Amino acid sequence: MSNSEKYMKLEDEYTLQTYARFPIVIESGDGMYVTDADGKKYLDFASGIAVYALGYGNREFGDALKGQIDLVIHTSNLYYNEPASLAAKAFCEVSGMERVFFTNSGTEAIEGAVKSALKYAFSKNGSDDHEIIAFDHSFHGRSLGALSVTGNAHYREGYTPWEGKVRFAEYNDLKSVETLVNEKTCAVIMETVQGEGGIHPAEPEFIKGVRKLCDDKGLLLILDEIQCGMGRCGSMFAFEDYGIRPDIMTSAKALGCGIPVGAFAMTQKVADSSLTVGDHGSTYGGNPLACAAVCEVLRQYKEKDIVSHVREMTPVLEAALDEIRKNHSDRIKERRGKGFMQALEFNAPVAPVIGKAQEEGLLVISAGKNVLRLLPPLVIQKEDIEKAKIILDKVISAT
Ligand SMILES: *Cc1c(COP(=O)(O)O)cnc(C)c1O
């Protein structure tokens, strides 16, 4: 039995079988590559689902975490701690938001964002019977609150906790949003670029229209930037590119580059009439280790000008994917995406392509059955793109 088989067997035996894992045991990583328990190397175009933005084995990141571990890992939120205060300032500066709350995950960031919006609406008219507009094919997380605004039936089936409180509109269809607004509506929640739903960027007219609709009707706009934010789409947060600002936003994934941390943040105007002392909390949320990660991640983004790098490399990545599409136009319907959040939509399931790519040493993932999803680390270089292109081209031909 290989090392990998040994660990896979243990998981099969002891963990709740909720994950359809690929048969790879990742042991270590370096730059754009991960190595499995038997020494096989893979070029990683998944980044642990848009998490490892700064690449694997990042020495300074590791040192910053080790330094914090030696000081203190956890304090609870009964006390102040240095990394949390520095991370809060840094996050507000890069996001343009004015108040932030750190969580342990994306789904918790959504919970907090939705609670903030409901509390804001409650403080305006004393009613706790408010509705939220979300979107078909959206994904916002797996906790019950986040599931309530997730529009993908596959994730919701079996539990629809706020049945009746959330209405689902059609993404990129402003009319469908307008028709759902009623006197109970208090907020619209959407991904700036839909991720799990198949990589669908918001059309500029649509998202600007939603912003205006919210302004006109006094609704809060919540933008979920958990996957598309943190530089991935060529601006620090994807909404910047559309020239709009949300009232509340969420972040996670690349925010901690591997340390579990998320955030929801808002304008001062929302904060003034929303969650206050005792309304929300978390034992671990924003603990010193997580916030040391956030500080170091944001420091490196600035130092390396990650956003400019994504902008420079995007045409290279898009050209490579367009070439693949052209070479296989009988099978690939479309390339779409924004920055380093790209998709190739096939006319059949992509699972065989993903499996074959793994055999050839390339990690890619899907976003729905027929959509191949590419989320490389943001520190990617031209030669990595070239390499991935050659492998993809080959495995598509072979499947
Ligand atoms: C991943 C994701 C979430 C959930 O984040 P978790 O950390 O897995 O809880 C929410 N929204 C979007 C857009 C995501 O991509």
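Remember, it's a predicted structure, so these values are computed and weren't measured experimentally.

Procedures and definitions
Residues numbered from 1 in each chain as written. Predicted model: local features only at pLDDT ≥ 70, side-chain atom pairs only at ≥ 80, totals over all residues. Heavy atoms only, no water. Domains from an automatic or database assignment. Contact = heavy atoms within 4.5 Å. Buried area = accessible area lost by both parts, 1.4 Å probe. Near = heavy atom within 4 Å. Polar contact = N/O pair within 3.5 Å; in protein donor to acceptor, adjacent residues only side chain to side chain. Areas by Shrake-Rupley, 256 points an atom, 1.4 Å probe, with all protein chains shown as cover. Patch = residues over 30% accessible without salt bridge, like charges linked within 9 Å, V, L, I, M, F, W, Y side chains within 5 Å. Salt bridge = Lys/Arg side-chain N within 4 Å of Asp/Glu carboxyl O. Helix = DSSP H or I, 4+ residues; strand = E, 2+ residues; numbered from the N terminus. Buried < 20%, exposed > 50% of the residue type's maximum accessible area, 1.4 Å probe, protein only. 1 Å grid on protein atoms, 1.4 Å probe; cavity = no way out; pocket = protein on both sides within 12 Å on 5 of 7 lines; lining within 4 Å. Points joined across faces, edges and corners; volume = space filled by probe spheres on them. Nonpolar A, V, L, I, M, F, W, Y, C, P; charged D, E, K, R; others polar.

1. What to know about the domain arrangement of the protein chain
1) Next: The domain architecture assigned to the protein chain consists of domain 1 (61–304) and domain 2 (305–371 + 380–386 + 392–396).
2) Next: On a C-alpha basis, the centroid separation for the pair domain 1 and domain 2 is 27 Å.
3) Next: Taken together, the 23 residues of domain 1 in the interface contact 16 residues of domain 2.
4) Next: Both sides of the domain 1 and domain 2 interface together cover about 1,500 Å² of buried area, and 64% of this is carbon and sulfur.
5) Next: Per-residue buried area on domain 1 facing domain 2 is highest for Ile-199, Arg-232 and Gly-234; these three make up 34% of the total on that side.

2. Describing the site of the ligand
1) Next: Close to the ligand lie Ser-105, Gly-106, Thr-107, Phe-139, His-140, Gly-141, Glu-191, Asp-224, Ile-226, Gln-227 and Lys-253, which account for all nearby residues.
2) Next: Take Phe-139: an N or O atom from its main chain is 3.3 Å from a nitrogen atom of the ligand.
3) Next: One nitrogen or oxygen atom from the side chain of Asp-224 is found 2.7 Å from a nitrogen atom belonging to the ligand.
4) Next: Computed on the free molecule, the ligand has an accessible area of 380 Å², of which 82% lies beneath the protein chains in the complex.

3. Quick look at a nonpolar patch on the surface
1) Next: A grouping of Tyr-7, Leu-10 and Tyr-14 is seen on the molecular surface, where their side chains present a nonpolar patch of about 340 Å² in accessible area.
2) Next: One can find Leu-10 in helix α1 (residues 3–14).
3) Next: Assessed through its relative accessible area of 43%, Leu-10 is described here as partly exposed.

4. Overview of unusual backbone geometry
1) Next: For Asn-172, which is not glycine, the phi torsion reads 65° and is therefore positive.
2) Next: Within the secondary structure, Asn-172 is located in the loop between β7 (166–169) and α8 (174–178).
3) Next: Not every positive phi belongs to a glycine, and Met-230 is a case in point at roughly 55°.

5. Some details on the layout of surface pockets
1) Next: One number sums up the size of the second largest pocket: a volume of about 920 Å³.
2) Next: For the second largest pocket, the lining is made up of 27 residues, of which Asn-77, Val-100, Phe-101, Phe-102 and His-280 are closest to its centre.
3) Next: Breaking the lining of the second largest pocket down by element, the ones donating at least two residues are α4 (82–95), β4 (99–103) and β13 (262–266).
4) Next: A total of four residues in the lining of the second largest pocket trace back to one element, the largest contributor, which is β4.
5) Next: By residue class, the composition of the lining of the second largest pocket is 13 nonpolar, 12 polar and two charged.

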